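One letter stands for each residue in the lines below.
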Protein chains: 2
Amino acid sequence: MSEPLFEKIALIGIGLVGGSIALAARRGGLARKIVAATRSAETAATANRLKLTDHCGTDLAAACEGADLVIVCTPVGACGEVARVIGPKLKAGCIVSDVGSVKQAVVAAMQPHLPPGVHFVPAHPVAGTENSGPEAGFAELFDGRWTILTPLPDSDPAAVAKLETFWKGLGSLVDKLDPAHHDRILAITSHLPHLIAYTIVGTADDLGGHLNAEVLRFAAGGFRDFTRIAASDPTMWRDVFMNNREAVLEVLQRFQEDLFYLQRAIRWGEGDKLFELFTRTREIRRALIHLNQA
Amino acid sequence: MSEPLFEKIALIGIGLVGGSIALAARRGGLARKIVAATRSAETAATANRLKLTDHCGTDLAAACEGADLVIVCTPVGACGEVARVIGPKLKAGCIVSDVGSVKQAVVAAMQPHLPPGVHFVPAHPVAGTENSGPEAGFAELFDGRWTILTPLPDSDPAAVAKLETFWKGLGSLVDKLDPAHHDRILAITSHLPHLIAYTIVGTADDLGGHLNAEVLRFAAGGFRDFTRIAASDPTMWRDVFMNNREAVLEVLQRFQEDLFYLQRAIRWGEGDKLFELFTRTREIRRALIHLNQA
């Protein structure tokens with residue numbers, strides 16, 4: 001085996017994403033040692049039982065000692081506090097990253113706590129499932145999926161390149177965006193769809209009473225997909241919406257306008273307006289399939 | 001081989017659903033002869049090339065002559081006109097059905113054109129894919145999926161029972177609802193999710209320009225599912241919304257209220273409101289999975 005990319009990786013948080021990083025890093029032979037830490041003794045015990053890492057403890061700062069890569073894998077709302085706790089124990093030259101679905105807020109929360117000499121390179125693997133917790137992790141999660149690095153203006157190019165090599169070693173495709181641009185793109189492609197799915201499943205449930213069993217029973221393709229999306233981790237997604245507020249509110253406003261346009265078309269029997277949109281969205285799907293095959 | 005359930009089945013319209021009925025009926029040995037008719041000579045030629053039925057022509061009325069089961073498999077907006085055309089050629093005792101995603105409007109459109117002595121039993125197989133046309137049909141489409149029969153107060157019980165046997169023979173589970181109740185349930189479980197998916201994909205596309213390629217490229221789980229739903233047949237879905245207007249507008253109103261509630265919670269940083277909903281929707285998903293396994 002050739003020299004691994006990192007001597008010691010520390011993962012702070014060991015749920016779906018942290019667990020999957022651990023398994024994929026081991027699969028790729030990317031580190032000599034992989035440790036994790038989580039505040040929950042129960043989660044740590046599960047991670048140890050599953051042997052996700054060499055060791056998983058509950059002392060976040062201790063886990064980071066001597067690590068040359070630290071990845072914060074908690075919900076984004078916890079990133080700032082984690083950085084505050086681990087900051088003093090980070091060794092010079094260490095690369096610090098995260099996996100948050102929001103980037104500007106994470107940068108703002110973490111950066112003030114990171115000592116000079118540490119290389120901060122935020123990242124977001126655009127991959128996940130509706131499952132959460134250490135049992136949900138699997139080595140293939142990132143295979144063929146995009147990971148977006150959002151380097152800062154003063155990020156060390158060598159550290160960025162090394163993190164890119166790491167993510168490719170986990171099976172991922174890698175691209176770079178600036179944090180604000182990332183947050184706008186993801187508000188559309190991920191945050192808004194999740195909010196809509198959560199809403200519609202809640203609305204269906206509220207229409208409940210005697211309807212309820214039948215709503216679930218006859219859940220057709222559309223609704224079934226929505227329930228899957230709406231089963232995603234509540235803490236993670238609350239934090240996403242709390243931390244990407246401006247971008248989400250902006251696309252939500254656009255979405256509401258467009259929905260009212262269709263609502264009005266339905267009310268007034270303007271089928272041509274519906275047909276026009278439905279034809280256009282079919283083309284978008286084809287473009288997406290074409291893009292992924294190319 | 002035992003005696004088939006029907007001597008001759010005529011399918012009016014031979015797209016995804018009509019084609020799949022033909023293939024599944026043959027698989028199940030449910031008819032001695034299966035014919036189809038469609039207004040489009042091109043579609044008929046494709047159906048004949050694929051050998052979906054014994055014969056597919058373009059004369060709707062002629063196809064129905066001597067049939068003991070006629071299923072109208074066109075978009076719901078065409079059902080009334082089809083009934084007007086085929087009505088005079090239907091033989092006494094023939095069962096007439098359809099596959100529309102809307103039931104009250106179809107009943108209102110078709111019933112006046114059906115002669116006495118014909119048994120009208122509307123039906124809705126809750127199954128489909130985002131593909132359409134005769135090439136999209138496959139014999140397994142209905143396996144394990146629900147078909148809802150919506151018999152009318154004066155429907156002949158023997159005809160209803162025979163159609164139920166037919167749909168079970170196609171691989172489907174069968175339940176019965178009254179047409180109005182059906183339309184309300186489906187407005188929630190199917191029509192609203194489709195409308196939302198169409199809207200969000202359109203909104204994302206409109207945000208276009210330089211965003212566009214990246215929106216498609218980083219299309220995460222959520223958005224990708226939505227684009228699939230939003231690739232469904234435009235004519236079929238326009239007709240659904242035009243013909244289930246009241247029920248769709250009602251659930252859309254409820255959805256909008258709920259979405260504004262979340263929008264406001266995001267604006268004011270009320271994470272607990274989001275967390276509460278997200279936890280509840282996760283439970284609904286579990287209930288759905290449990291129900292399907294039971």
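Details of the structure are given in the entry above.
Conventions used here
Residues numbered from 1 in each chain as written. Chains lettered and ligands numbered in written order. Predicted model: local features only at pLDDT ≥ 70, side-chain atom pairs only at ≥ 80, totals over all residues. Helix = DSSP H or I, 4+ residues; strand = E, 2+ residues; numbered from the N terminus. Rg over C-alpha atoms; globule rule 2.2 N^0.38 Å. Buried ≥ 20, exposed ≤ 12 C-beta atoms within 10 Å, placed from the backbone. Contact = placed C-beta atoms within 7 Å. Pairing = 2+ DSSP bridges. Axes fitted to C-alpha atoms, helices over the stretch in contact; angles between N-to-C directions. Nonpolar A, V, L, I, M, F, W, Y, C, P; charged D, E, K, R; others polar. Least-squares fit on C-alpha atoms with pLDDT ≥ 70 in both.

*Asks:* Give a detailed account of the overall build of chain A, specifying residues and quantitative values.
*Replies:* Helix and strand counts for chain A stand at 12 helices and 9 strands. Expected size for 294 residues packed as a compact globule is a radius of gyration near 19 Å; at 21 Å, chain A falls within 12% of this value. Across the 294 residues that make up chain A, the buried fraction comes to 55%. Here the analysis covers contacts within chain A between residues at least 6 apart in sequence; of these, 75% occur between residues at least 24 apart.

*Asks:* If you had to explain the sheet that holds strand β6 (residues 119–120) of chain B to someone new, which residues and values would you point to?
*Replies:* All names here are of chain B. In spatial order, the strands read β3-β2-β1-β4-β5-β6; together these 6 strands make up an open sheet with parallel pairing. Here the strands that pair on one side only, and so sit at the sheet edges, are β3 (55–57) and β6. As judged from the 3 bridges shared by strand β2 (residues 31–37) and β3, these two strands associate in the parallel manner. Paired with Ala37 across the strands is Gly57, a residue of β3. Taken strand by strand, helix α6 (residues 157–169) contacts β4 (69–72), β5 (95–98) and β6, and its axis lies near 55 degrees from that of β5.

*Asks:* Give me the interface of chain B and chain A: which residues, what numbers.
*Replies:* Between chain B and chain A, the residue contacts involve 73 residues of the former and 73 residues of the latter. Counting only elements with at least two residues in the side of chain B that touches chain A, the list comes to β8 (146–149), α7 (179–206), α8 (211–217), α9 (221–229), α10 (234–243), α11 (245–267) and α12 (271–293) of chain B. The class makeup of the residues in the side of chain B that touches chain A is 45 nonpolar, 15 polar and 13 charged.

*Asks:* Please provide a residue-by-residue account of the relation of the copies chain B and chain A, values included.
*Replies:* Mapping one chain copy onto the other needs a rotation about an axis and a shift along that axis. Each copy superposes on the other: chain B lies on chain A with an RMSD of 0.0 Å after a rotation of 180 degrees and an axial shift of 0.0 Å. Taken together, the rotation and translation relating the two chain copies correspond to the operation of a two-fold axis. Using C-alpha coordinates, one finds that chain B approaches the rotation axis most closely at Asp225(B), a distance of 3.5 Å. A share of 100% of interface residues in chain B that are also interface residues in chain A marks the association as one of identical surfaces.

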